[in-house]
Amino acid sequence: MIGICIGDVTGIGPEVTLKALAELAGQDQERYLLIGDGGWLERLNDRFNIGLPLSPYDANDAEARFLVLTPGGTSLPDDLSPGSPAAARAALSALREAAERCLRQELSAMVTAPVNKEAIIRCGIPFIGQTEYLAAIAGNCPVIMMLLGADDRGRWLRVALVTTHVAIKLLPAEITQPKVELAINMAAQACRDLDLPRHRIAVCGLNPHAGEGGEFGDEEITTIRPAVLAARSRGLDVHGPLAADTVFYHAAHGAYDAVVAMYHDQGLGPLKLLAFEHGVNWTLGLPFIRTSPDHGTAYDLAGRGTANPSSMKAAISLARQLAARRA
């Protein structure tokens with residue numbers, strides 16, 4: 001069974017979850033546990049005529065495929081405003097519920113719909129992101145965020161990030177050789193988990209033109225290249241540091257199977273250009289499988305019935321693929 005956290009109910013998470021599952025329902029007999037407010041799911045299911053056969057969670061029900069669990073058992077009001085504190089707290093409760101069930105091996109994987117960081121922080125809860133929150137629940141294990149997706153011509157990008165939510169001015173201090181090595185190692189393992197025939201990794205430089213031999217900074221010389229050489233000494237097919245303004249072009253045309261980017265926008269800009277509607281966030285390093293769609297709560301689209309479920313479909317499909325391979 002795969003768990004799906006429906007995210008902030010005042011965003012598009014519940015809608016894209018229902019739509020994605022409805023479109024995937026005929027492809028296999030996987031069972032899903034939707035974790036979040038059941039009342040919101042039922043109302044959206046009816047309002048948009050999605051028709052997904054939802055059933056209240058019952059541990060003894062071996063037949064129902066789309067089960068709904070409301071953490072705490074208390075329903076949210078149906079008139080919450082976007083970014084409501086109640087919705088933010090409920091989203092976090094669902095995250096914890098799913099993670100703990102994964103750790104107990106009651107779920108084979110978890111998929112997380114979007115939450116709103118600002119709304120959670122306004123509740124007085126320290127929060128960096130879902131990735132970091134899940135890593136803390138799992139015992140503060142080292143994790144790497146990978147984003148992956150393909151365009152309509154089947155060209156893939158798989159991008160592992162050395163740093164995620166870090167201010168640009170802090171990057172030189174945050175990018176260390178152990179962090180770069182971790183991203184390389186996990187990117188290579190991700191290629192193996194995906195059963196790719198080759199595991200060739202490209203590593204970006206931090207500075208323009210990968211530093212021009214130290215002319216534009218020395219992080220490539222002091223930090224990134226030593227990490228690449230260390231990875232090569234362990235037998236990994238890794239190349240770099242390479243100029244980030246060209247490496248994604250070559251990766252999209254098949255020269256590399258994954259790219260290690262130094263920071264958030266360096267990696268996500270090219271990925272979203274190639275696969276904006278189909279991108280998936282995969283958290284590497286957790287003791288369980290976690291994927292999510294590569295978009296936010298989109299409060300401006302919530303409740304209209306027009307939200308595109310493509311990224312959620314891709315996230316569920318990847319979780320299902322990884323869970324099947326792991327089993």
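Rules used in this analysis
- Residues numbered from 1 in each chain as written.
- Predicted model: local features only at pLDDT ≥ 70, side-chain atom pairs only at ≥ 80, totals over all residues.
- Heavy atoms only, no water.
- Buried < 20%, exposed > 50% of the residue type's maximum accessible area, 1.4 Å probe, protein only.
- Helix = DSSP H or I, 4+ residues; strand = E, 2+ residues; numbered from the N terminus.
- Contact = heavy atoms within 4.5 Å.
- Salt bridge = Lys/Arg side-chain N within 4 Å of Asp/Glu carboxyl O.
- Expected span 1.5 Å × (residues − 1).
- Axes fitted to C-alpha atoms, helices over the stretch in contact; angles between N-to-C directions.
- Parallel < 35°, antiparallel > 145°, perpendicular 65-115°, else oblique.
- Left-handed = near helix turned anticlockwise from the far one by under 90°.
- Nonpolar A, V, L, I, M, F, W, Y, C, P; charged D, E, K, R; others polar.
- Pairing = 2+ DSSP bridges.

Peer 1: Is there a simple way to think about helix H5 (residues 130-137) in this case?
Peer 2: Spacing of three or four residues puts side chains on the same side of an α-helix, whose turn is 3.6 residues. Here H5 lies mainly inside the structure; six of its eight residues are buried. On its buried face, H5 sits against helix H3 (85-103), strand E5 (109-112), strand E6 (144-150), strand E11 (280-284) and strand E12 (290-293). Backbone geometry just downstream of H5 places Gly139 in the positive-phi region, at approximately 95 degrees.

Peer 1: Is there a simple way to think about the pattern of salt bridges in this case?
Peer 2: Proximity of charged atoms lets side chains of opposite charge pair with each other. Applying the stated criterion to the full structure yields 16 salt bridges. When the shortest N-O distance is used, the salt bridge between Glu23 and Lys313 registers 2.9 Å. With Glu23 in helix H1 (residues 13-24) and Lys313 in helix H11 (residues 310-326), the pair connects residues that are 290 residues apart, well separated along the chain. Given the relative accessible area of 45%, Glu23 is considered partly exposed. Accessibility expressed as a relative area gives 24% for Lys313, which makes it partly exposed.

Peer 1: Explain helix H10 (residues 264-275) here, please?
Peer 2: In a regular helix each residue adds 1.5 Å, so 12 residues correspond to 16 Å; H10 covers 16 Å between its end C-alpha atoms and thus fits that length. Those residues of H10 that fall on the buried side of the exposure criterion are Gln266, Gly267, Leu268, Leu271, Leu274 and Ala275. Buried residues in H10 make contact with E6, strand E7 (156-161), strand E8 (201-204), helix H9 (244-252) and strand E10 (258-261).

Peer 1: Where do I start with the packing of H1 against H11 in this structure?
Peer 2: Helix packing geometry: the angle between the two helix axes and the distance between the axes. At a minimum axis separation of 8 Å, H1 and H11 run at an interaxial angle of 60 degrees. Considering the angle they form, H1 stands oblique to H11. For the pair H1 and H11, the crossing hand works out as right-handed. Across from Val16, Thr17, Ala20, Leu21, Glu23 and Leu24 in H1, the residues of H11 making contact are Met312, Lys313, Ile316, Ser317 and Arg320. Looking at the contact of H1 with H11 residue by residue, the classes come out as six nonpolar, two polar and three charged.

Peer 1: Is there a simple way to think about the environment of Ile221 in this case?
Peer 2: Inspection of the secondary structure puts Ile221 in helix H8 (residues 219-233). A C-alpha to C-alpha distance of 9.4 Å links Ile221 and Ala210, two positions 11 residues apart in sequence. With residues near it in sequence (within four places) discarded, Ile221 still touches Gly213, Gly214 and Pro226.

Peer 1: How do you make sense of the pairing of E5 when you look at a structure like this?
Peer 2: Note on strand geometry: in a regular strand, side chains alternate between the two faces of the sheet. Burial along E5 is two-sided: the residues Ala109 and Val111 and Met110 and Thr112 are all buried. Note that strand E1 (residues 2-5) and E5 share four bridges and pair parallel. Note that in E5 the partner of Gly3 across the bridge is Met110. Here E5 runs beside E12; their pairing, made up of two bridges, is parallel.

Peer 1: How should I be thinking about the sheet that holds strand E4 (residues 66-69) in this particular structure?
Peer 2: In a beta sheet, neighbouring strands pair by backbone hydrogen bonds and run either parallel or antiparallel. Taken in spatial order, the 12 strands line up as E3-E4-E2-E1-E5-E12-E11-E6-E7-E10-E8-E9 in an open sheet, and their pairing is mixed. Strands at the two margins of the open sheet, each flanked by one partner only, are strand E3 (54-56) and strand E9 (238-242). On average, adjacent strands in this sheet sit at an angle of 25 degrees to one another, irrespective of strand direction. Of the pairings in the sheet, the one linking E11 to E12 comprises three bridges and is antiparallel in character. Residue pairing for E12: Asn281 is matched across the bridge by Ser292.

Peer 1: Looking at this structure, how should I read the packing of H1 against helix H2 (residues 38-47)?
Peer 2: At a minimum axis distance of 10 Å, the contact between H1 and H2 shows a crossing angle of 60 degrees. The angle between the axes of H1 and H2 places the two elements in the oblique class. Judged by the twist between their axes, the crossing of H1 over H2 is right-handed. Mapping the contact onto sequence places Pro14, Glu15 and Leu18 in H1 and Leu41, Leu44 and Asn45 in H2.

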